[in-house]
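# Reading the structure
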Amino acid sequence: MAMTEQRVSYTLDSSLETIDNAEEKATRIATELGFGDDEVMQISMAVREGAVNAFERTGDNLVITIRDQGPGMDLSKIPNPLAPENLLKTSGRGIFLMRSFMDVVEIRPSQTGTELKLIKRVHGPSAGGKEASQ
Amino acid sequence: MTMKVSSRQVDGVTIVDCSGRITLGEGSVILRDTVRDILGKGNKKIVLNLQNVNYIDSSGIGELVSAFTTTKNQGGELKLLNLTKKVNDLLQITKLYTVFDVKDDEAAAVKAFK
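Reference entry: report on the structure contained in this document. Worth saying up front: this structure is predicted, and the values here are computed from it rather than measured.

Rules used in this analysis
- Residues numbered from 1 in each chain as written.
- Chains lettered and ligands numbered in written order.
- Predicted model: local features only at pLDDT ≥ 70, side-chain atom pairs only at ≥ 80, totals over all residues.
- Buried ≥ 20, exposed ≤ 12 C-beta atoms within 10 Å, placed from the backbone.
- Helix = DSSP H or I, 4+ residues; strand = E, 2+ residues; numbered from the N terminus.
- Pairing = 2+ DSSP bridges.
- Contact = placed C-beta atoms within 7 Å.
- Nonpolar A, V, L, I, M, F, W, Y, C, P; charged D, E, K, R; others polar.
- Axes fitted to C-alpha atoms, helices over the stretch in contact; angles between N-to-C directions.
- Parallel < 35°, antiparallel > 145°, perpendicular 65-115°, else oblique.

### Here's the deal with the pairing of strand S4 (residues 104–109) of chain A
All names here are of chain A. Summarising burial for S4: 0 of the 6 residues are buried, a small minority. Across 6 bridges, S4 lies against strand S5 (residues 114–121) in antiparallel orientation. Looking at the pairing, Val-104 lines up with Ile-119 of S5. Following S4, the chain reverses through 4 residues before pairing antiparallel with S5.

If you want it as structure tokens, here you go:
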């Protein structure tokens, strides 16, 4: 019986822009942290490769997986940034925004740290399509 | 594209024309330093013109909040002008639209200061 799950690299321009952004941000932050030119290039490239691998398409879902070595967090314990007492806080909106923009946001422990999974249903012209991987 | 700012005075109000991206790192730092400089010079009526700001992340939103509260704590007032749809949507989602005084006309923004 044929496999019903198809994993396809996400090759739309928007994802490439996102990867470029990830790379640029890594370059900027690494430079600000004082890494040498060679190390900045290596860090940026690692982030770019990681970002490329992070994007995949499973059926009609765009699935983005980001892993780090941090301890993670309990999503149920994150303060609500819309609560009046939190409205003027200068941080604490990142996960809220991810949840607002994506269909599914999951954080779970991985073997080496924490895995963040973002899922968005594909609803554009390519929904249901079978584009080949890059 | 990194963030760029330039300031000008209109009837005692400092208008900061911002362009580019207000994001983690340089963009947020530029905004913070700019507002701090303006307040340091004794100017307490500030308008951030965000007409050409095409992207802002959670760090940038935090920096807008910080600019707002810092100005207010020093007895001043900070307003936002000409939000792009993206920034406007973010302020709606985060309910900060109810906190900021948002204007879409520069003359009206200047006039609105007490």
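Now, onward.
### What to know about the interface of chain B and chain A
Across the boundary between the two partners, chain B contributes 13 residues, which contact 13 residues of chain A. A per-element tally of the side of chain B that touches chain A places helix H2 (residues 58–73) of chain B first, with 6 residues. Split into classes, the residues belonging to the side of chain B that touches chain A amount to 5 nonpolar, 6 polar and 2 charged.

### Brief notes about the packing of helix H1 (residues 26–40) of chain B against H2 of chain B
Residue and element names in this part refer to chain B. Orientation of H1 relative to H2, taken along the N-to-C sense of each, is 10°, at an axis distance of 9 Å. Between H1 and H2, the crossing angle belongs to the class labelled roughly parallel. Of the residues in H2, those in contact with Gly-27, Ser-28, Leu-31, Arg-32, Val-35 and Leu-39 of H1 are Ser-59, Gly-60, Glu-63, Ser-66, Ala-67, Thr-70 and Thr-71. Grouping the amino acids of the contact of H1 with H2 by side-chain chemistry returns 4 nonpolar, 7 polar and 2 charged.

### Re unusual backbone geometry
Residues and elements named next belong to chain B. The phi torsion at Asp-11 lies on the positive side, around 50°, for a residue other than glycine. Relative to the helices and strands, Asp-11 is located in the loop between strand S1 (4–10) and strand S2 (13–22). Notably, Lys-95 is not glycine yet its phi reads approximately 65°, a positive angle. As for its placement among the helices and strands, Lys-95 is situated in the loop between helix H3 (85–93) and strand S5 (101–103).

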